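# Coordinate inspection notes
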Amino acid sequence: MTLHDFPGRLLAIDYGLKVAGLAISDPTGSIARPLQLLRRTSKKADFALIDALIRQHDAVGVVVGLPESPPEITVYTAADRVRLWASRLAAAVDVPVYLWNERHSTQEAEELLAETEHARPDRVDAVAAAVILQSFLNALRDEGFPWPDPVEPARE
């Protein structure tokens, strides 16, 4: 994928039960940057804010970080919770929603912040969202990964 055929900005979400981190890419899909925190209140309010950000930034898709669950775990996991939430989000917005492995994103965000001379924020969620999004962009651009299938919208 080249800079010329990238479809536009992507919004990324590092999902959390109380706080979600948000990040945005540039229109060419080269660089991700932290955007803001979303202090979660209700599904309706959260999805309305995300939809407003999609419109404000002309985002063409949303990437949601997906935690990995060991295959031997058969109970309801954090990954199951994120998949359900992402399917509900997909039903609430007019752009495709993609899931992407968030492995080590918080740790990488902590390391990136430690390398800077800026004061460390109270929460690293938005930086973690940028790490997730940059991983997605790098996989598409540098590693030749195909676009993943979008999340199927929930039918609730």
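Residue indices begin from 1 for each chain and proceed along its sequence in written order. Local features in a predicted model are, by the rule used here, given only for residues with pLDDT of at least 70; side-chain atom pairs are given and counted only at 80 or more, and totals for whole chains, interfaces and linings are based on all residues. Based on all heavy atoms of the structure, the side-chain values leave hydrogens and waters out of the count.

### Description of unusual backbone geometry
We apply this condition: Elements are defined by DSSP. Helices are runs of H or I of four residues or more, strands are runs of E of two residues or more, and each kind is numbered from the N terminus. The cut-offs for exposure are 20% and 50% of the maximum accessible area for each residue type, with area from a 1.4 Å probe on protein chains only; residues under the lower value are buried, those over the upper are exposed, and the others partly exposed.
Notably, Asp-58 is not glycine yet its phi reads approximately 55 degrees, a positive angle. Structurally, the position occupied by Asp-58 is in the loop between helix 1 (43-56) and strand 4 (61-66). Among the residues examined, Asp-58 registers a relative accessible area of 59% and is labelled exposed.

### Topic: helix 4 (residues 125-141)
Note the threshold: By this rule the span expected of a helix is its residue count minus one, scaled by 1.5 Å.
Compared with an ideal rise of 1.5 Å per residue, which puts 17 residues at 24 Å, helix 4 spans 24 Å between its outermost C-alpha atoms and is within 8% of the ideal. Counting buried residues in helix 4 gives 13 out of 17 residues, a clear majority hidden from the surface.

### Section: the pattern of salt bridges
Keep this limit in mind: Basic side-chain nitrogens of Lys or Arg form a salt bridge, by our definition, when they fall within 4 Å of a carboxyl oxygen of Asp or Glu.
For the structure shown, the criterion picks out 6 salt bridges. Arg-55 is the partner of Asp-51 in a salt bridge, and the nearest nitrogen-oxygen pair spans 3.0 Å. Of this pair, Asp-51 and Arg-55 both sit in helix 1, 4 residues apart, which is roughly one turn of the helix. The exposure class of Arg-55 is exposed, given its relative accessible area of 52%. Salt bridges sharing common partners tie together Asp-51, Arg-55 and Asp-94.

### Here we look at the packing of helix 1 against helix 2 (residues 78-92)
So the rule is basically this: To get an axis, fit a line to the C-alpha atoms, keeping to the stretch in contact for a helix; angles then go from 0 to 180 degrees between the N-to-C directions. Oblique is the label for any angle not covered by the other classes, which are roughly parallel (under 35 degrees), roughly antiparallel (over 145) and roughly perpendicular (65 to 115). Crossings are sorted by hand: turned counterclockwise from the far helix by less than a right angle, the near helix makes the crossing left-handed, and turned clockwise it makes it right-handed. Should any heavy atoms of two residues lie within 4.5 Å, those residues are counted as being in contact.
Where helix 1 meets helix 2, the axes come as close as 10 Å, and the angle between the chain directions of the two elements is 60 degrees. By the angle class used here, helix 1 and helix 2 are oblique. The two elements helix 1 and helix 2 meet at a crossing, and its hand is right-handed. Judged by residue contacts, Lys-43, Phe-47, Ile-50 and Asp-51 of helix 1 engage Trp-85, Arg-88, Leu-89 and Ala-92 from helix 2.

### Here we look at helix 2
With 15 residues, helix 2 should reach 21 Å at 1.5 Å per residue; the first-to-last C-alpha distance of 21 Å fits that figure. Buried positions along helix 2 lie against strand 1 (10-14), helix 1, strand 4 and strand 5 (97-101).

### Re the sheet that holds strand 5
Heads up, the condition is: When DSSP finds two or more bridges between a pair of strands, those strands are recorded as paired.
One open sheet holds the 5 strands; their spatial order is 3-2-1-4-5, and the pairing between them is mixed. The sheet terminates laterally at strand 3 (32-39) and strand 5, the two strands that pair on one side only. Each adjacent strand pair in this sheet contributes to an overall mean axis angle of 25 degrees, direction not counted. As judged from the 7 bridges shared by strand 2 (residues 19-25) and strand 3, these two strands associate in the antiparallel manner. From the neighbouring strand, Ile-24 faces strand 3, where its bridge partner is Arg-33. Packing against the sheet, helix 1 makes contact with strand 1, strand 2, strand 3 and strand 4, and its axis sits at approximately 150 degrees to strand 3. Here helix 4 sits on the sheet in contact with strand 1, strand 2, strand 3, strand 4 and strand 5, set at roughly 45 degrees to strand 2.

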